[in-house]
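Each chain, letter by letter, is given below.
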Amino acid sequence: MGQLFTDLQAVRLDVEANAVIILDQTSLPGEKVYLSLSTKEAVWDAIHRLKVRGAPAIGITAAYGIYVCCKSLRARKFDDFYKGFVEIRDYFESSRPTAVNLSAALERMERCVLRNRELPVSRIKRQMLREALAIRDEDAASCHRIGVYALSLLRPGMGILTHCNAGHLAVSEYGTALAPVYLGQQQGYNFKVYADETRPLLQGARLTAYELRYAGVDITLICDNMASVVMRKGWVQAVIVGCDRIAMNGDTANKVGTSGLAIMARHYGIPFYVLGPTSTIDRRCPDGNAIVIEERGSEEVTDMWYARRMAPDDVKVYNPAFDVTPANLITAIVTERGIARAPYNETFERWFGEEEKDSAETGSKTEE
Ligand SMILES: CSC[C@@H](O)[C@@H](O)C(=O)COP(=O)(O)O
């Protein structure tokens, strides 16, 4: 795994150059192109165009991005600095609406700025750097723990179906949905993974197939409409997906096509697991109806990135980027804090309580 983690880093911070460095995921698997982002427009564009994507990676990019952009602000008084911060925060928030990790990371950066308001602006910037790096490090640690919990639900030799990309490229290190696959790989579980190609933007074909092959995992790529076939053949013993926003009742938004898989899995009696960090649970969102689903341009459906147009010029197109899987179709939601089963509210509330306690303890240890 080490090779994968060092060779393909989705996002990192270059402190010296004051820039966010991303691996341009729209160029994969053909080319490995790294982009250096040092303006708010460049960060916004990279998120909006999916050059960096996947809920946790978007959150980390936003945290690094707001640090980089605020570092360049000339303001010396707190009020002026904070005004600049809020402008950048609002701008970043408009880049993609569904993944809660984006606004969660920005809110965390804002809390950091506000609790250090008495410090000179130069020291506030240093605190922002620490906070942004902490978001990334906590994310990597969460992924490993998610993998350990999820692996306890799986058996060696299982067939696992996944959708979109919730692996190393979408997060840091182990990824979320792919964390048990990578841990299983290290422990000789010999999983057979089926990756949905994931239309329209083919994150499964371009990214999941790529990173799993890179790591030597047994991976078979299928078109989205073949999932039912591999399930019926008995090749799939678990469906494992990531998530962009989880409502308090367990309803989960993830890449469009996920809810269809959950319906099929229920039909075939296959467990359906959602894996993600607790930062993807939105405590302000009671159920899936409150989740804003991003709608993207029609050309993503009518034109393939690598080929010519596929559809008539004037055809009407509907292109929601995510869908909501109702909680009752989800067997379990696995986070770094453990495994939740319905009813989800109670467990989520308990986890939030634990989290507040932990951050109060760490906060008091790390503040200058
Ligand atoms: C760990 S990433 C989880 C989700 O963000 C992932 O499954 C997904 O739907 C990503 O969609 P994308 O549009 O590629 O950002």
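Conventions and cut-offs
Residues numbered from 1 in each chain as written. Predicted model: local features only at pLDDT ≥ 70, side-chain atom pairs only at ≥ 80, totals over all residues. Helix = DSSP H or I, 4+ residues; strand = E, 2+ residues; numbered from the N terminus. Rg over C-alpha atoms; globule rule 2.2 N^0.38 Å. Buried ≥ 20, exposed ≤ 12 C-beta atoms within 10 Å, placed from the backbone. Contact = placed C-beta atoms within 7 Å. Expected span 1.5 Å × (residues − 1). Pairing = 2+ DSSP bridges. Domains from an automatic or database assignment. Nonpolar A, V, L, I, M, F, W, Y, C, P; charged D, E, K, R; others polar. Axes fitted to C-alpha atoms, helices over the stretch in contact; angles between N-to-C directions. pLDDT = per-residue confidence, 0-100. Near = placed C-beta within 6 Å. Parallel < 35°, antiparallel > 145°, perpendicular 65-115°, else oblique. UniProt positions renumbered as here; feature names shortened; annotations may be inferred.

Participant: Looking at this structure, I do not really get the overall build of the protein chain. What am I missing?
Facilitator: When helices and strands are counted, the protein chain shows twelve helices and 13 strands. Against the compact-globule benchmark of 21 Å for 368 residues, the protein chain has a radius of gyration of 20 Å, which places it among compact chains. If you line up the protein chain on its principal axes, its C-alpha atoms span 65 × 50 × 40 Å. Taking all 368 residues of the protein chain together, the buried fraction comes to 45%. Here the contacts in the protein chain between residues at least 6 apart in sequence split such that 74% fall between residues at least 24 apart.

Participant: Honestly, helix α5 (residues 100-115) in this entry has me stumped. Any pointers?
Facilitator: Given a rise of 1.5 Å per residue, 16 residues ought to cover 22 Å, and the 22 Å separating the end C-alpha atoms of α5 matches this to within 8%. Those residues of α5 that are buried are in contact with α3 (55-71), α4 (78-93), α6 (121-151) and β8 (245-246).

Participant: Help me understand the sheet that holds strand β9 (residues 252-255), please; the structure alone is not making it clear to me.
Facilitator: Strands belonging to one sheet form pairs held by backbone hydrogen bonds; the direction of such a pair is parallel or antiparallel. Ordered in space as β8-β9-β11, the three strands form an open sheet in which the pairing is antiparallel. Each edge of the sheet is formed by a strand with only one pairing partner; in this case those strands are β8 and β11 (322-325). Inspection of the sheet shows β9 paired to β11 by four bridges, in the antiparallel sense. Bridging from a neighbouring strand, T252 pairs with T325 of β11.

Participant: How should I be thinking about the domain arrangement of the protein chain in this particular structure?
Facilitator: Interface size is commonly expressed as the accessible surface area that is lost when the partners come together. The assigned domain composition of the protein chain is domain 1 (11-144) and domain 2 (147-357). On a C-alpha basis, the centroid separation for the pair domain 1 and domain 2 is 25 Å. Counting from both sides, the interface comprises 24 residues of domain 1 and, opposite them, 33 residues of domain 2. Ranked by residues supplied to the side of domain 1 that touches domain 2, first place goes to α6 with six residues. In terms of residue class, the side of domain 1 that touches domain 2 is made up of 13 nonpolar, seven polar and four charged.

Participant: I keep staring at the sheet that holds strand β4 (residues 159-162) and nothing clicks. Help me out?
Facilitator: Strand order across the open sheet formed by seven strands is β6-β5-β4-β7-β10-β12-β13, with mixed pairing between neighbours. Edge positions in the open sheet fall to β6 (218-222) and β13 (338-340), since each of these has one partner strand only. Averaged over all pairs of adjacent strands, the angle between strand axes in this sheet comes to 25°, irrespective of strand direction. Here strand β12 (residues 332-335) pairs with β13 via three bridges, running antiparallel. Its bridge partner being in β13, I333 is matched across the sheet by A340.

Participant: Quick question: what am I supposed to make of the confidence of the model for the protein chain here?
Facilitator: Low-confidence regions, as indicated by low pLDDT, have predicted coordinates that should not be scrutinised in detail. Chain-level statistics for the protein chain give a pLDDT mean of 95 and a share of 97% at 70 or above. The ipTM assigned to the predicted complex is 0.97, against a pTM of 0.94.

Participant: For this particular structure, what's the right way to read the pairing of strand β1 (residues 11-14)?
Facilitator: One face of the sheet, then the other: side chains in a regular strand alternate in exactly this way. Of the two faces of β1, only one is covered, namely that formed by V11 and L13; the face formed by R12 and D14 stays uncovered. One ladder, built from four bridges, connects β1 with strand β2 (residues 19-23); its direction is antiparallel. Within the sheet, the bridge partner assigned to R12 lies in β2 and is I21. Counting the residues between successive antiparallel strands, the hairpin from β1 to β2 contains four residues, one of them, N18, with a positive phi of roughly 50°.

Participant: In this structure, what is going on with the site of the ligand? I would like to understand it.
Facilitator: Residues in contact with the ligand amount to 19 residues; listed here are only the nearest, R53, A55, A166, G242 and K255. Split into classes, the residues belonging to the shell around the ligand amount to ten nonpolar, six polar and three charged. Composition of the shell around the ligand by domain shows at least three residues from each of domain 1 (11-144) and domain 2 (147-357).

Participant: Honestly, the packing of α4 against α5 in this entry has me stumped. Any pointers?
Facilitator: Packed helix pairs are characterised by how far apart their axes lie and by the angle those axes make with each other. At a minimum axis separation of 10 Å, α4 and α5 run at an interaxial angle of 175°. Between α4 and α5, the crossing angle belongs to the class labelled roughly antiparallel. Along its contact with α4, which presents Y82, F85, R89, F92 and E93, the element α5 presents L102, S103, L106, E110 and V113. For the contact of α4 with α5, the class distribution of residues is six nonpolar, one polar and three charged.

Participant: Any chance you could explain the UniProt feature "site: Transition state stabilizer" (unreviewed entry) in the protein chain here in plain terms?
Facilitator: The UniProt feature table records "site: Transition state stabilizer" (unreviewed entry) at C164. Mapped onto the secondary structure, C164 falls in the loop between β4 and α7 (179-186). If near-sequence neighbours (up to four positions away) are discounted, C164 is found in contact with T198, Q203, G204, G242, N254 and K255.

Participant: Help me out: how do you make sense of the UniProt feature "active site" (unreviewed entry) in the protein chain in this one?
Facilitator: Mapped onto this structure's residue numbering, the UniProt feature "active site" (unreviewed entry) falls at D244. Counting through the fold element by element, D244 comes out in the loop between β7 (238-241) and β8.

Participant: How should I be thinking about the packing of α6 against α7 in this particular structure?
Facilitator: Contact geometry for α6 and α7: axes closest at 8 Å, N-to-C directions at 75°. In terms of orientation, α6 lies roughly perpendicular with respect to α7. Contact residues: C143, H144, I146, G147, V148, A150 and L151 in α6; A179, P180, Y182, L183 and G184 in α7. Of the residues that constitute the contact of α6 with α7, the class distribution is nine nonpolar, three polar and no charged.

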